[in-house]
2 protein chains.
Amino acid sequence: MQSKPSEPARPVYVISAGSVAGGREKRGPLGDLFDFSGDDRFGKDTWEKAEAEMQRLAMGIALRKAELVDTEIDLVFAGDLVNQCLSSAFGLADYRIPFLGLFGACSTCAEALLLGALAAGSWVRRAAAVTSSHFCTAERQFRMPVEYGGQRPPTAQWTATGAGAFLLSSGARDALRCGGDFVPRITEVLPGAMVDRGITDVSNMGAAMAPAAADTISRYAAAGGSLQDAAVLTGDLGAEGSGILIDLLRAEGIDIGERHLDCGLMLFDPETEDVHAGASGCGCSALVMAASVLKDMREGNMGDVIFVGTGALTNAMASCQGQSIPGVAHLVRISPVPKSQIRETEGGV
Amino acid sequence: MQSKPSEPARPVYVISAGSVAGGREKRGPLGDLFDFSGDDRFGKDTWEKAEAEMQRLAMGIALRKAELVDTEIDLVFAGDLVNQCLSSAFGLADYRIPFLGLFGACSTCAEALLLGALAAGSWVRRAAAVTSSHFCTAERQFRMPVEYGGQRPPTAQWTATGAGAFLLSSGARDALRCGGDFVPRITEVLPGAMVDRGITDVSNMGAAMAPAAADTISRYAAAGGSLQDAAVLTGDLGAEGSGILIDLLRAEGIDIGERHLDCGLMLFDPETEDVHAGASGCGCSALVMAASVLKDMREGNMGDVIFVGTGALTNAMASCQGQSIPGVAHLVRISPVPKSQIRETEGGV
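Residues numbered from 1 in each chain as written. Chains lettered and ligands numbered in written order. Predicted model: local features only at pLDDT ≥ 70, side-chain atom pairs only at ≥ 80, totals over all residues. Heavy atoms only, no water.

**Remarks on the interface of chain A and chain B**
Okay, so step 1: Listed as interface residues are 59 residues of chain A and, on the opposing side, 59 residues of chain B.
Okay, so step 2: In total, about 4,800 Å² of surface goes out of reach between chain A and chain B, with carbon and sulfur atoms giving 63% of it.
Okay, so step 3: Summed over the shared surface of chain A and chain B, the number is two salt bridges.
Okay, so step 4: Measuring nitrogen to oxygen at the nearest pair gives 2.7 Å for the salt bridge that ties Arg96 of chain A to Asp215 of chain B.
Okay, so step 5: Summed over the shared surface of chain A and chain B, the result is 20 residue pairs in polar contact (both at pLDDT 80 or more).
Okay, so step 6: In terms of residue count, the dominant contributor to the side of chain A that touches chain B is helix α3 (residues 86-92) of chain A (five residues).
Okay, so step 7: Class assignment of the residues belonging to the side of chain A that touches chain B gives a composition of 32 nonpolar, 17 polar and 10 charged. (Contact = heavy atoms within 4.5 Å. Buried area = accessible area lost by both parts, 1.4 Å probe. Salt bridge = Lys/Arg side-chain N within 4 Å of Asp/Glu carboxyl O. Polar contact = N/O pair within 3.5 Å; in protein donor to acceptor, adjacent residues only side chain to side chain. Helix = DSSP H or I, 4+ residues; strand = E, 2+ residues; numbered from the N terminus. Nonpolar A, V, L, I, M, F, W, Y, C, P; charged D, E, K, R; others polar.)

**Some points on the relation of the copies chain A and chain B**
Mapping between the two copies of the chain is achieved by a rotation about an axis and a shift along the axis.
Okay, so step 1: Mapping chain A onto chain B is achieved by rotating through 180 degrees and translating by 0.0 Å along the same axis, at an RMSD of 0.0 Å. What the superposition gives is, in effect, a two-fold axis relating one chain to the other. The C-alpha atom lying nearest the rotation axis in chain A is that of Leu102 of chain A; the distance is 2.1 Å.
Okay, so step 2: Mapped onto chain B, 100% of the interface residues of chain A again fall at the interface, so both copies present the same surface. (Least-squares fit on C-alpha atoms with pLDDT ≥ 70 in both.)

**As for the packing of aromatic side chains**
Residues and elements named next belong to chain A.
Okay, so step 1: For the coordinates displayed, the defined rule picks out five aromatic pairs over all chains.
Okay, so step 2: An angle of 40 degrees between the planes, with centres 6.4 Å apart, marks the rings of Phe36 and Phe42 as tilted.
Okay, so step 3: Residue Phe42 is classed as buried on the basis of its relative accessible area of 10%.
Okay, so step 4: Pairing Phe135 with Trp158 gives two aromatic rings, centres 3.8 Å apart and planes at 5 degrees, and the pair type is stacked. Of this pair, Phe135 sits in helix α5 (residues 135-143) while Trp158 sits in strand β6 (residues 158-159), and the two are 23 residues apart along the sequence.
Okay, so step 5: Taking the relative accessible area as the measure of exposure, Phe135 reaches 12% and is therefore buried.
Okay, so step 6: Its guanidinium or amino end placed over the ring of Trp158, Arg24 lies 4.3 Å from that ring's centre, counting from NZ or CZ. (Phe/Tyr/Trp six-rings, centres within 6.5 Å; stacked < 30°, edge-to-face > 60°. Buried < 20%, exposed > 50% of the residue type's maximum accessible area, 1.4 Å probe, protein only. Lys NZ or Arg CZ within 6 Å of the ring centre and 35° of its normal.)

**Quick word on the packing of helix α7 (residues 205-222) of chain A against helix α8 (residues 238-251) of chain A**
All names here are of chain A.
Okay, so step 1: Contact geometry for α7 and α8: axes closest at 8 Å, N-to-C directions at 35 degrees. Of the two possible hands of crossing, α7 and α8 adopt the one that is right-handed. For the pair α7 and α8, the contacting residues are Gly206, Ala207, Ala210, Pro211, Ala213, Ala214, Ile217 and Ser218 in the first and Gly241, Ile244, Leu245, Leu248 and Leu249 in the second.
Okay, so step 2: Looking at the contact of α7 with α8, its residues break down into 10 nonpolar, three polar and no charged. (Axes fitted to C-alpha atoms, helices over the stretch in contact; angles between N-to-C directions. Left-handed = near helix turned anticlockwise from the far one by under 90°.)

**Structural notes on unusual backbone geometry**
Residues and elements named next belong to chain A.
Okay, so step 1: A cis amide bond links Gly235 with the next residue in sequence, Asp236, at an omega value of 10 degrees.
Okay, so step 2: Phi is positive for Glu67, close to 55 degrees, though the residue is something other than glycine.
Okay, so step 3: On the secondary structure map, Glu67 appears in the loop between α2 (47-65) and β3 (75-80).
Okay, so step 4: Its relative accessible area of 54% is what places Glu67 among the exposed residues.

**Considering the side chain of Ser132 of chain A**
Residue and element names in this part refer to chain A.
Okay, so step 1: By the secondary structure assignment, Ser132 is in strand β5 (residues 126-133).
Okay, so step 2: A polar contact of 2.8 Å, which involves the side chain of Ser132, links it to the side chain of Glu51.
Okay, so step 3: Within the structure, the side chain of Ser132 is placed 2.9 Å from the side chain of Gln55, a separation counted as a polar contact.

**Re the nonpolar core**
One broad rule of soluble globular proteins: the nonpolar side chains tend to lie buried together.
Okay, so step 1: Residues Phe166 and Leu267 of chain A together with Phe166 and Leu267 of chain B are the most contacted members of the largest nonpolar core, which totals 110 residues.
Okay, so step 2: Setting aside anything within four residues of it in sequence, one finds Phe166 of chain A in contact with Val14, Ser16, Ala17, Cys109, Leu113, Ala127, Ala128, Ala129, Ala286, Met289, Ala290 and Leu294 of chain A.
Okay, so step 3: By size, the runner-up hydrophobic cluster in this structure holds 93 residues, among which are Val183 and Ile342 of chain A together with Met59 and Cys85 of chain B. (Core = buried A, V, L, I, M, F, W, Y, C linked by side-chain atoms within 4.5 Å.)

**Some details on the pairing of strand β9 (residues 230-235) of chain A**
Residue and element names in this part refer to chain A.
Okay, so step 1: Burial of β9 is extensive: six of the six residues sit out of reach of the surface.
Okay, so step 2: Examined bridge by bridge, β9 and strand β12 (residues 304-312) share six bridges and lie parallel to one another. Residue pairing for β12: Gly235 is matched across the bridge by Gly309.
Okay, so step 3: Across three bridges, the pairing between β9 and strand β10 (residues 260-262) is parallel. Note that in β10 the partner of Leu233 across the bridge is Leu261. (Pairing = 2+ DSSP bridges.)

**What about the environment of Val189 of chain B?**
All names here are of chain B.
Okay, so step 1: Turning to its location among the elements, Val189 is positioned in strand β8 (residues 182-190).
Okay, so step 2: For the pair formed by Val189 and Pro8, sequence separation is 181 residues and the distance between their alpha carbons is 8.2 Å.
Okay, so step 3: Other than its neighbours up to four places away in sequence, Val189 contacts Pro5, Ser6, Leu114, Leu118, Leu331 and Val332.

**What about the pairing of β5 of chain A?**
All names here are of chain A.
Okay, so step 1: Of all the eight residues making up β5, eight are buried; the element is thus mostly covered by neighbouring parts of the structure.
Okay, so step 2: A two-sided burial pattern is seen for β5, the buried positions comprising Arg126, Ala128, Val130 and Ser132 on one face and Ala127, Ala129, Thr131 and Ser133 on the other.
Okay, so step 3: The sheet contact formed by β5 and strand β7 (residues 162-169) spans eight bridges and is antiparallel. When the bridges of β7 are listed, Ser133 appears paired with Gly162.

**A closer look at α8 of chain A**
Residue and element names in this part refer to chain A.
Okay, so step 1: The terminal C-alpha atoms of α8, which comprises 14 residues, lie 20 Å apart, in line with the 20 Å expected from a rise of 1.5 Å per residue.
Okay, so step 2: When we look at burial in α8, the residues that qualify are Gly238, Gly241, Ser242, Leu245, Ile246 and Leu249. The arc that holds every buried residue of α8, seen down its axis, measures 135 degrees, which confines them to one face. Facing away from the buried surface of α8 by more than 90 degrees, the exposed residues are Asp247 and Ala251.
Okay, so step 3: Among the residues trailing α8, Gly253 stands out with phi positive, at a value near 85 degrees. (Expected span 1.5 Å × (residues − 1). Arc of directions from axis to C-beta.)

**Quick notes on the pattern of salt bridges**
Residue and element names in this part refer to chain A.
Okay, so step 1: Evaluated as defined, the whole model comprises 29 salt bridges over all chains.
Okay, so step 2: As a salt-bridge pair, Glu48 and Arg140 come within 2.4 Å of each other at their nearest N and O atoms. Of this pair, Glu48 sits in helix α2 while Arg140 sits in helix α5, and the two are 92 residues apart along the sequence.
Okay, so step 3: Using a relative accessible area of 12% as the deciding quantity, one classes Glu48 as buried.
Okay, so step 4: The exposure class assigned to Arg140 is partly exposed, which follows from its relative accessible area of 33%.

This is how it looks when you write it as structure tokens:
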């Protein structure tokens, strides 16, 4: 059991991010920040092909922003919610980049950033992290035919339609080429262990994931990680899970209440888009991170962020077989570094 | 694009391996080598629970062999073929080890060893790699109800029922505690890029994966990797894919013919168990590596092995939607190190 968070051996910067969102997400409070948005079909004839197309577009945008081409990226960590992670495979197959597929349910965005940071901090120069989700691929795969329009309980979350791609580099010249006065740097990561509290309700993923988030955050605190000087951004517990997380941590003497944000509560405006307990899906945290958090950080409007990606590990057959839902949560700490503090010779690229 | 293979920053040893096999695998040529085998149900009432149980058992065996408990392992990389990688989640949820889920289809064993080696070589001391497959979970998920007994074409491979768990450590004391005169050391890794040659036949995964294996092997050779002094062990191309791989490499001036082995051709005896083109599934290469290759290496009966795990990235819906099958292949080079060459103070554990 890893007793303390890992730090990349070399400084690792998030040098660019691309975000591609669906129509409902476009109408939300972050709508103006997305690099690209469409009508959920993205010119394709199936939802699955549309989701893959979002990943392809997000990666292309991230590459263009960083003034790089695919072959300049050493490897990509990618995943999604579709069976066998195929949105990632089909979305990224056109890029000539070594591909490592991941599955961490909604924690996949954090898992990809965590592994990308450790990779770019040690054995390669540049890595990419790409994740997506699509309401229509997830809904029919995990729950009901989309056309059925089944009633959802108040604890249910709405799978976001969106993709985010992040380029990570240990090169100072890469970092200095990016827009803004600050560069987001991944300073610490802590992978999470599974926690299973016996939740079997697939319409209450927040309750399944919150104990895992509490576990990772309290392990981080116990190892000396500082929670005081940073926003704690979970993704995606929604309203139900966020409340449980705050209660669980308070019982351990950790109060994150005022500094807590949740990606699932940032994507939609509950006044205009009723998504019950909030948004979810790998695409939700990817959109919030790519379009909003990292942008604010680059512009000097956001301090340290402790991003805790949360995932509920289930599938359609496991719920039919009455299995409970283990949660998992991975922690990635990101800090804004003023460009003036980055030496141009660092890291080689 | 990573231009040359990565080497773990510190020496990383495979300090133990556990193998758990199904009944048909037990009857094969490696049958006597498996640590445990059962009747494919492993005391459970569904195939999915049985597959998870194989992972749980394999991990327990690997821990016992290394004289370690779960909390002494820093993190585990795991994956399987079941939707959302749930055999790994349910199989390992009882262990208190940070969990990073992977999906690389049949390449997942190599992907887990690759990431585990880089992790144990830099940011943690010990990592685990666990993978599995089960004929009955895979068959009904990807193809037909098991009871249907559909006719399989000659190019089809048989998904192996088995799990393998590997413990990786950068600690010399860990390495020296293991049985045998030699310790397998992971010396180089090279992640593979996807290659899609337009194969759409889900009963010919070998043809879908062989071009990816050829791509990774020729990238390795081009980067100065030595193919002359090692066995090249692919997993799992089967008879069809192995022939294609050898032809593709020969066209590039690389001849691995005499040194080539394939996990898919090692698990079953074609005289007694007709599995058509061979075995496949994450469990196949995991079983061959855990029970046979690493054992031979520890006993001084096997030299360097270049393990090239191959995966076919597809799912049931993608084949219904007429999508082709991208292949991917990850390379892990393992070398036997005489115990006399390992300094006891190395690595700290």
